[in-house]
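# Topology and contacts: notes
Listed below, chain by chain, are the residues.
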Amino acid sequence: MSIHIVALGNEGDAFHQDHRPSGLIRTYLGRSPLVSGDESSLLLNAAAGTVARPVFTEYQASAFGNVKLVVHDCPVWDIFDSDWYTSRNLIGGADIIVIKYNVNDKFSFHEVKDNYIPVIKRALNSVPVIIAAVGTRQNEELPCTCPLCTSDRGSCVSTTEGIQLAKELGATYLELHSLDDFYIGKYFGGVVSGSYGILSVWMGMTPSFSFFETEKMPVLKAEASHYNSDLNNLLFCCQCADVAFYHPDVKGAVEAHKIVLCAVSHVFMLLFNVKSPTDIQDPSIVRTAQDLFAINRDAVFPGASQEPPGNPPLRVVVKDALFCSCLSDILRFIYSGAFQWEELEDNIRKKLKDSGDVSNVIEKVKCILKTPGKINCLRNCKTYQARKPLWFYSTSLKFFLNKPMLADVVFEIQGTTVPAHRAILVARCEVMAAMFNGNYMEAKSVLIPVYGVSKETFLSFLEYLYTDSCCPAGIFQAMCLLICAEMYQVSRLQHICELFIITQLQSMPSRELAAMSLDVVDLLKKAKFHHSDCLSTWLLHFIATNYLIFSQKPEFQDLSVEERSFVEKHRWPSNVYLKQLAEYRKYIHSRKCRCLVM
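Quantities reported herein were computed from a predicted structural model and do not represent experimental measurements. (Residues numbered from 1 in each chain as written. Predicted model: local features only at pLDDT ≥ 70, side-chain atom pairs only at ≥ 80, totals over all residues. Heavy atoms only, no water.)

### Points about the pairing of strand 8 (residues 250–256)
Across 4 bridges, strand 7 (residues 243–247) lies against strand 8 in antiparallel orientation. Within strand 8, the residue paired with His 247 across the bridge is Val 250. Between strand 7 and strand 8, which follow one another and run antiparallel, lie 2 residues. (Pairing = 2+ DSSP bridges. Helix = DSSP H or I, 4+ residues; strand = E, 2+ residues; numbered from the N terminus.)

### Describing the packing of helix 21 (residues 455–467) against helix 22 (residues 475–487)
Direction vectors running N to C along helix 21 and helix 22 enclose 65 degrees, while the axes themselves pass 9 Å from each other. Overall, the two elements helix 21 and helix 22 adopt an arrangement that is roughly perpendicular. Crossing handedness for the pair helix 21 and helix 22: right-handed. Contact residues: helix 21 offers Glu 456, Thr 457, Phe 458, Ser 460 and Phe 461, while helix 22 offers Gln 477, Cys 480, Leu 481, Cys 484 and Ala 485. When its residues are assigned to classes, the contact of helix 21 with helix 22 shows 6 nonpolar, 3 polar and 1 charged. (Axes fitted to C-alpha atoms, helices over the stretch in contact; angles between N-to-C directions. Parallel < 35°, antiparallel > 145°, perpendicular 65-115°, else oblique. Left-handed = near helix turned anticlockwise from the far one by under 90°. Contact = heavy atoms within 4.5 Å. Nonpolar A, V, L, I, M, F, W, Y, C, P; charged D, E, K, R; others polar.)

### Some thoughts on the sheet that holds strand 9 (residues 293–295)
An order of 8-7-10-9 is seen for the 4 strands of this open sheet, with the pairing classed as mixed. Only two strands of the sheet have a single partner each, and these edge strands are strand 8 and strand 9. Neighbour to neighbour, the strand axes of the sheet diverge by 30 degrees on average, direction disregarded. By the bridge criterion, 4 bridges tie strand 7 to strand 10 (residues 314–318) in an arrangement that is parallel. Directly across from Tyr 246, in strand 10, lies its bridge partner Val 317.

### Comments concerning helix 22
The end-to-end C-alpha distance of helix 22 is 18 Å, a good match for the 18 Å that 13 residues give at a rise of 1.5 Å each. Ile 475, Gln 477, Ala 478, Met 479, Leu 481, Leu 482, Cys 484, Ala 485 and Glu 486 are the residues of helix 22 that are buried. In this structure, the buried residues of helix 22 make contact with helix 21, helix 23 (491–506), helix 25 (520–529) and helix 26 (533–545). Gln 489 sits one or two positions beyond helix 22 and adopts a positive phi of about 60 degrees. (Expected span 1.5 Å × (residues − 1). Buried < 20%, exposed > 50% of the residue type's maximum accessible area, 1.4 Å probe, protein only.)

Here it is, written out as structure tokens:
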């Protein structure tokens, strides 16, 4: 694992007696016991180049155990003016961003804030940001609260200004009065370690340093989509099949699902009365449906799957025997998302030796997949290979979400009804597959009551099953959706909700965290109750990291003894930091100061 840190800004011009630069990054890497590296090679890398002053210095070291640390230290902001492409790539590829400035250089601070911070915000991804205010304020007087007083505006950057900048970027604010081992190792190193711990959660790693040594962070990584394989398995198993294609001269029948066929073809929409010829307004599609298929409600033949009495598959006659003999391959092509065109052509050529027959069948497939109003849009069907089956189905199946067309099951929720399609539910949810195919009441019932879930949450759940995506309205909705996903054992949706909640909380500035009415402790309790171990562990660390905010909220008292002990042990700011801060404030307030106006 490697961590990329980008440090921006100039924190001062101080030098040690041996004339080595004592910048924040150089001191952190050069003196930390966790770092090993060749100092001379690092300095040579910094000096390599044709320009008199290098744009950035690159450091490489080992930190946090066996983690490779790559740091780009950019002391000059000119890079954003001269080379926007390089600067954008640096920020976009960063895992942690450090913005540093000297508290006694107020002119440079405002220049950066006005000209460069807006640029950084546009290029910034959801990564930890640290604002480091370096130095002891010279000739500092206690900031006056008088609205007319301007005594603190010309000399140094105030703490309030630094905190405001941090809030704009959703960053952690840190004051380093000196670039010595104590401040850099204890404070700056601790914040970087905390950022590394949060970053490790996203990258599926376990932090390996003392900040988290008593408690391993969870492995939280998105589960790969199995949307395409779910639909392919639906065809292979033929569960909930509601249509059977056959030809009198071809042995056996081929079963399929109306909802999937209609999702990819307007011909099948016409055949199964989802749309009328007036809706489609394309004579070629209407002609294909009439010339190729015919519904026979009286047909009975062996080989069809056993269905509940009174609900047999709809029998459809395929008028072209050659097309019917290739129908199993055509359906596999359709269920895969209609993008493996060359594979379909190869399979048809293997079954039909005559090139004329092959061309005839392929042309019929093109007509089936034709888009209304477009002339021969499938002329170059190789372009279908560039399409992802997930995209193809997620946009087309959504058309049937919460609509009665082809629906064969109705959920009753909070006094209202939500129509759905068994085939999609069975393919995408193992719990529903067992419910509809086992010896349960739901297997023989059309109206199914749902308890413990709101209609809005259940619709979001169905949207994920149909489209493999979801977009919760907020943290509360995401938690409700996570609970629903846990109830139906859809693990990937649980992970999506976990990541959504973490992302939302992570992006909130301190003021918003303090003012929000959302009960984070209640989120923690729910995450634990519903076996969301990754989220519950992350929330516990989140409460500890924002100790001063959450310890003032009433719900903080609802933490268990074990949880409270963990939070107190890993809290930030720590008691040592607060003690040092109190001593500094006592020193500042002990100085004589007066208002220049009042």
